[in-house]
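# Breakdown of the fold
The residues making up each chain are set out below.
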Amino acid sequence: MREFSLSPFSGNLRNLRIRMNRAADQPEPNPLREGLATRPVPQPCSIVIFGATGDLAHRKLVPALYNVAADGDLPPAVAILGFARRKKSDEEFRRDLEEATRKFSRQAVRDEIWKTFAQSIFYHQSEFGDESGYKRLAKRLDEIDKDHGTRGNRLFYFAAAPDQFEPILKHLKAAGLNETCKGSWVRVIVEKPFGTDLASARELNRIVHNSFTEEQTYRIDHFLGKETAQNILVLRFANAIFSPLWNTHYIDHVQITAAETLGVGTRAGYYEHAGALRDMVQNHLLQLLCLTAMEPPTDLGADSIRDEKVKVVRSLRRWPRNEIAVNVVRGQYTKGAIHGDPVAGYRQEENVNPDSQTETFVALRLFIDNWRWADVPIYMRVGKRLPKSATEISIHFKKAPAVLFNKDLHDLNVLVIRIQPDEGIALRIHAKVPGTSFHIEPVKMDFHYGTSFGKASPEAYERLLLDAMSGDATLFARRDEVEQAWAFIDPIEEAWHAKKDVPELFFHPAGSWGPEAADDLLARDGRAWRRL
Amino acid sequence: MAPIAETYSLGLPVEIGSIDHELKKLWRESEGAMTRASLMNLAVYSEEPGSLKKNTQLMARITENHACRAIVIEADCNAQEDGVDAWISAHCHVSRAGSKQVCSEQISFCLNGGCTTQLPNIVLSNLDSDLPLYLWWQQEFHNPMDPQLWTWVDRVIYDSRPWQDFQAQMRLVESAQAEAKQRIVLCDLNWTRLDKARFALAQFFDHPASHHHFAKIKKVRIDYASGFRSTALLFVGWLAAQLNWRSEKTDGENKLQFVGSSGRKIDIEMRQRDGEPIHEVAVTAGDIEFLITHAKCGDLLEISRGKAGGKRVPQLMPAGKNDSVSLMSEELMRGGPHHVYLHAINCVRELL
């Protein structure tokens, strides 16, 4: 049989395998690494976590670092330095983190591994605005370099509140901590939100770039660290069967849903100002859209992929003010029931304004005005207190010609990419029901990660922290991606906060799939939301 | 239903001609509560009496992480009368995804008499279509090997450690591979056994600044357990292949000398001692020693580097296990060809 190349991308899959054996930081391949299934260990470094006593560090970052260590993927010389306001000794900090890691770690904590891991954890008490605290930090990092062999490599993780970013960055620069010595590196990881609108995002980028270059800046969106999000590229570009169908000629429309049963919980303070559009659509959902809609990159380099992603956002159709209400529906949950239990409405939640106009649900009808996606509507919905928690992308293919069997068929072929939970891929096709007549019904072919692969996927933060340590920015958002996303979101927010002709805020009971207006968004086009 | 609930018995006896039909019946009856999953055909062949039960137990554990159609075969090639008995069963485990049970099916065969003629047909007629065929050969290989079967094998898995005549066995495998005219990947569990130790040593040199140590390596010491000399030799072969060393001379069974590309001599000392298969590896480059040793707690490796008598910061990493289930699970996780293995073998072929 003749061997043929699956697609122009197959060469890039080879590159991917080569890249897997060579970290971005490591131009010279290690001959002993050849053939090993594991990725190279990043260079030794110190990881400084600002806001180290907060939720993110305890629930996600340190458990992720522990798991990386337990898998043997952490460099032998690594130091984790928590920077926060509260007074604590190294020992107290280690005890707190041990307790949190035992609670939140993906794998059970082993005493002997924790003992070794804990030796690399330190605590540094300082106010974020206290200049002397950063001078002491610089001194301490130098000592750690000397004692632990971390070679002057530094990764600063901003897990503090966004309003603290500016003083932290300013003082890091003043203390010279943004500078690299010969052969070492300094990087900064910034957690979302990357601003609250285009102006603030630009301002944040300006502040960051006063101290660090774009190459040193890693904007983390944990959705991109999820196995299934990464698998979108593999599904699209490693399977030749999808490539010819992935365009306006064969795709009727696309739906992206990010639903959760949880309410606002303890995040009301933040959420009241953000809302679903800023909290989810500007980052996570647009990132998923980019992976779904982007053109094949020329290679798997970070910038090649991000170049293609940003083109998608740039191609999103912008609406004049008077068309926003026609294409974007905002909603808010009222009291209702989740899993049979009564739950309060959003306005009754703790720390929420009883007259709040914040949206907890958004549905959008988008168009990507480029050659591939011309006239293919993309419907997106995101919301809290919806009937189930699920993040899924569905590609709805056009109907077969209405002759022969297809005259009475209403269902389309649908390819579903389940991001979470129960990660997997399903394809709905038509099949003849057994019998003497031609009765046709849809059937589903279903692939579940959990069923097919026994091995648990690493947590998104594990992958992303390792990538940042290795200097691989592929799964991090670039400045222009973030700014383009805000440029798309801003007109919607402005319309919602205008003085007149404000699009309506629709209410829906908790436990329902959003307001009727969201259904109308599709019904007008003769379509309906997929049943999840 | 008996065959589903029981994971260690051979299950339901079936007629050879109705295996497919009986399997379909099995799944029809348990539809809803269970999901059948399969990523590969995993055929296991052994001539050891009682191996069918032993391998059924192994498959019950291997399928926890590797959904497959298992075709487990015990053969008595010297039996007077030809005959085949077959059973079907399933190994079910609760999936990570939820409460649903995920099941791998197993077809078990007891072959009597003409093994050579029966085996290819038994395997080929019971494959799950479009899935790769992994053949776990638990015997020494026979001469000649049957090309009819080998043409369809994607990966052949064996353990070279107990082989009496490594060179003869390897010749058989390689000629079968050549005859099959397709890319059969050779998967030696003796090589898999080295995976964690290789990873532990490799990570010392991930930083380009540490590459200069390669040119300074003058001594390698490997401590191995009784019966694992060939494993230690494979490790030496790996170092030699990847670092371009050439075998120079041997001094007794356990003292070897290699020459690096610059003419530098590298002394290899292999020591048998109680402990894990590869218990400790020490690589000396200049005045730095890179040390990998099994931690006291057993399934962890302690790695460190430093000058003799100097301060060291040890790090722990997974050591891997030496039992069949762990080795198979490890091997099944890996994909792609094992070129590095073949290079390693070629460097120590004469010594194995």
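To start, this report covers the structure provided alongside it. Values in this document were obtained by computation on a predicted structure and should not be read as measured data.

Helices and strands together make up the secondary structure of chain A, namely 15 helices and 18 strands. The C-alpha radius of gyration computed for chain A amounts to 25 Å, which stays within 12% of the reference 24 Å derived for 532 residues, consistent with globular compactness. Expressed as lengths along the three principal axes of its C-alpha atoms, the size of chain A is roughly 80 × 70 × 40 Å. Put simply, 76% of the contacts in chain A that link residues at least 6 apart link residues at least 24 apart. By element, 52% of the accessible surface of chain A is carried by carbon and sulfur atoms, the whole surface being about 23400 Å².

Further remarks concern the overall build of chain B. Within chain B, the regular secondary structure consists of 11 helices and 17 strands. Taking 20 Å as the expected radius of gyration for a compact globule of 352 residues, we find that chain B reaches 23 Å, a close match to that expectation. By principal-axis analysis of the C-alpha atoms, chain B measures approximately 70 × 45 × 35 Å. Within chain B, residue pairs in contact and separated by at least 24 positions form 68% of the contacts whose partners lie at least 6 positions apart. Total accessible area computed for chain B in this model is approximately 15200 Å², and 47% of it derives from carbon and sulfur atoms.

Moving on to the nonpolar core. Grouped together as the largest cluster of nonpolar side chains are 143 residues, with contacts concentrated most on A:Phe50, A:Phe156 and A:Leu289. It is helix α9 (residues 268-293) of chain A that provides the largest number of residues to this core, a total of 13 residues. Other than its neighbours up to four places away in sequence, A:Leu289 contacts A:Ile256, A:Val312, A:Leu316, A:Leu366, A:Ile368, A:Ile378 and A:Met380. Judged by nonpolar contacts, the second largest core, of 90 residues, contains B:Cys92, B:Leu234, B:Val281 and B:Ala319.

Taken together, the 42 residues of chain A in the interface contact 40 residues of chain B. The interface formed by chain A and chain B contains 2 salt bridges. Inspection of the chain A/chain B interface yields 10 residue pairs in polar contact (both at pLDDT 80 or more). Among the elements that take part in the side of chain A that touches chain B, helix α12 (residues 449-452) of chain A stands out by supplying 4 residues, more than any other.

Tallying each qualifying case throughout the model produces 32 aromatic pairs over all chains. The interplanar angle of 65 degrees and the centroid separation of 6.2 Å between the aromatic rings of A:Tyr271 and A:Tyr346 together place this pair among those described as edge-to-face. In this pair, A:Tyr271 sits in helix α9 while A:Tyr346 sits in the loop between β10 (341-343) and β11 (361-367), placing the two residues 75 residues apart along the sequence. An aromatic cluster is defined as three or more aromatic residues linked by ring pairs; in this entry it consists of A:Phe50, A:Phe83, A:Phe128, A:Tyr134, A:Phe156, A:Phe158, A:Phe165 and A:Phe212. Here A:Arg187 stacks its cationic end above the ring of A:Trp185, 3.8 Å away from the centre of that ring. Taking the ring centre of B:Phe228 as reference, the NZ or CZ of B:Arg161 above it sits at 4.4 Å.

All names here are of chain A. Packing of helix α2 (residues 55-70) against helix α13 (residues 460-470) brings their axes to within 8 Å, and their N-to-C directions diverge by 70 degrees. Here α13 runs roughly perpendicular to α2, going by the angle between their axes. Taking contact as the criterion, the partners of Leu56, Lys60, Leu61, Ala64, Leu65, Asn67 and Val68 in α2 are, on α13, Tyr461, Glu462, Leu465, Leu466 and Met469.

On to a nonpolar patch on the surface, then. Taken together, the side chains of A:Val403, A:Leu404, A:Phe405 and A:Phe438 present a nonpolar region at the surface, about 470 Å² in accessible area. Secondary-structure assignment places A:Phe438 in the loop between β15 (424-432) and β16 (440-448).

The strands making up a sheet associate through hydrogen bonds between their backbones, and the pairing can be parallel or antiparallel. All names here are of chain A. Within the open sheet, the 7 strands sit side by side as β3-β2-β1-β4-β5-β6-β17. Their pairing is mixed. Either end of the sheet is taken by a strand with one partner, and the two such strands are β3 (121-125) and β17 (476-477). Bridging between strand β1 (residues 45-50) and strand β2 (residues 78-84) involves 6 bridges; their strand directions are parallel. Bridging from a neighbouring strand, Ser46 pairs with Ala79 of β2. Running over the sheet, helix α6 (residues 165-174) touches β1, β4 (154-158) and β5 (186-191) and is turned about 160 degrees from β4.

Within the structure shown, the criterion is met by 58 salt bridges over all chains. For A:Arg106, the salt bridge identified is with A:Asp71, shortest N-O distance 3.3 Å. Placement of the pair is A:Arg106 in the loop between α3 (90-104) and α4 (111-118) and A:Asp71 in the loop between α2 and β2, with a sequence separation of 35 residues. Accessibility expressed as a relative area gives 30% for A:Arg106, which makes it partly exposed. Take A:Asp71: its relative accessible area is 30%, and that puts it in the partly exposed class. Between B:Arg273 and B:Asp223 there is a salt bridge whose closest N-O contact spans 3.2 Å. Of this pair, B:Arg273 sits in the loop between β13 (265-272) and β14 (278-285) while B:Asp223 sits in strand β10 (residues 217-224); the two residues are 50 residues apart in sequence, bridging distant segments of the chain. Linked by salt bridges that have partners in common, A:Asp303, A:Arg306, A:Asp307, A:Arg478 and A:Asp480 make up one network.

As a further point, take the state of the cysteines. A complete count under the given rule lists 1 disulfide over all chains for this structure. Of the cysteine sulfurs around B:Cys347, a residue in no disulfide, the closest is that of B:Cys187, at 20 Å.

Okay, the sheet that holds strand β13 (residues 390-397) of chain A next. Residue and element names in this part refer to chain A. The strand order β16-β15-β14-β13-β7-β12-β11-β8-β18 describes an open sheet built from 9 strands, whose pairing is mixed. Each edge of the sheet is formed by a strand with only one pairing partner; in this case those strands are β16 and β18 (505-509). The sheet shows a mean angle of 20 degrees between the axes of neighbouring strands, taken without regard to direction. With 6 bridges joining them, strand β7 (residues 251-259) and strand β12 (residues 377-383) adopt parallel strand pairing. Following the sheet pairing, Val254 is matched in β12 by Ile378. Strands β7, β11, β12, β13 and β14 (414-420) of the sheet are contacted by α9, whose axis makes an angle of about 140 degrees with β12.

Cut-offs applied
Residues numbered from 1 in each chain as written. Chains lettered and ligands numbered in written order. Predicted model: local features only at pLDDT ≥ 70, side-chain atom pairs only at ≥ 80, totals over all residues. Heavy atoms only, no water. Helix = DSSP H or I, 4+ residues; strand = E, 2+ residues; numbered from the N terminus. Rg over C-alpha atoms; globule rule 2.2 N^0.38 Å. Contact = heavy atoms within 4.5 Å. Areas by Shrake-Rupley, 256 points an atom, 1.4 Å probe, with all protein chains shown as cover. Core = buried A, V, L, I, M, F, W, Y, C linked by side-chain atoms within 4.5 Å. Buried < 20%, exposed > 50% of the residue type's maximum accessible area, 1.4 Å probe, protein only. Salt bridge = Lys/Arg side-chain N within 4 Å of Asp/Glu carboxyl O. Polar contact = N/O pair within 3.5 Å; in protein donor to acceptor, adjacent residues only side chain to side chain. Phe/Tyr/Trp six-rings, centres within 6.5 Å; stacked < 30°, edge-to-face > 60°. Lys NZ or Arg CZ within 6 Å of the ring centre and 35° of its normal. Axes fitted to C-alpha atoms, helices over the stretch in contact; angles between N-to-C directions. Parallel < 35°, antiparallel > 145°, perpendicular 65-115°, else oblique. Patch = residues over 30% accessible without salt bridge, like charges linked within 9 Å, V, L, I, M, F, W, Y side chains within 5 Å. Pairing = 2+ DSSP bridges. Disulfide = S-S within 2.5 Å.

Function cannot be inferred from these measures alone, as they are strictly geometric.
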